[in-house]
Amino acid sequence: METLVIVVHVIVAVAIVGLVLLQQGKGADAGAAFGSGASQTVFGSAGSGNFLTRSTSIAATIFFITSLTLAIFAKQNTSAGVVEGLPIVNPELLSQPAAPTSDVPQVETVTDAAASDVPEVPAPVAPAPGN
């Protein structure tokens, strides 16, 4: 059933492209005044506008219906989650701690001042009285 809808969808898409390319623009009526209006006799004196416009509307409606049908098929074929169906390649990776998610390196806090490489800032010296 899904394959049939896809085939109809592609055929209608190609038909829409063809029908749109066959239609004349708004400026094509000006050319009929200079002698090129004889090409409209294939579809009669009314021209091909009504036939092509109606055909394009029908094809567009079928295209929308097949698009919605394919979306419903796609929704029904999805599973509950992407990760649930995947096999675990290396179970040892689950026991390792997770890698940091930030690009900023982690700073270790040092509690012992003697173990730090950073020198301590000397305490400010109080000015002598009377200065």
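Just above sits the structure.
Residues numbered from 1 in each chain as written. Predicted model: local features only at pLDDT ≥ 70, side-chain atom pairs only at ≥ 80, totals over all residues. Heavy atoms only, no water.

Undergrad: Describe the environment of Val-12, with residues and values.
TA: Turning to its location among the elements, Val-12 is positioned in helix H1 (residues 2-22). You can call Val-12 buried: its relative accessible area is 10%. Placed 44 residues apart in sequence, Val-12 and Thr-56 show a C-alpha to C-alpha distance of 9.7 Å. Residues in contact with Val-12, not counting those within four places in the same chain, are Ala-59, Ile-62 and Phe-63. (Helix = DSSP H or I, 4+ residues; strand = E, 2+ residues; numbered from the N terminus. Buried < 20%, exposed > 50% of the residue type's maximum accessible area, 1.4 Å probe, protein only. Contact = heavy atoms within 4.5 Å.)

Undergrad: Describe the nonpolar core, and please don't skip the residues or the numbers.
TA: In globular proteins that are soluble, nonpolar side chains generally tend to be buried together. Listed in full, the 5 residues of the largest apolar core are Val-12, Ile-16, Leu-19, Leu-52 and Ala-59. Of all the secondary structure elements, the ones that give two or more residues to this core are H1 and helix H3 (49-77). Element by element, the count of residues in this core is highest for H1, at 3 residues. (Core = buried A, V, L, I, M, F, W, Y, C linked by side-chain atoms within 4.5 Å.)

Undergrad: Break down a nonpolar patch on the surface for me, citing the residues and quoting the values.
TA: Among the surface-exposed residues, Met-1, Leu-4, Val-8, Ile-58 and Ile-62 lie close enough to one another that they form a single nonpolar patch of about 480 Å² accessible area. Only H1 and H3 provide two or more residues apiece to the nonpolar patch. Take Val-8: it is sitting in helix H1. (Patch = residues over 30% accessible without salt bridge, like charges linked within 9 Å, V, L, I, M, F, W, Y side chains within 5 Å. Areas by Shrake-Rupley, 256 points an atom, 1.4 Å probe, with all protein chains shown as cover. Salt bridge = Lys/Arg side-chain N within 4 Å of Asp/Glu carboxyl O.)

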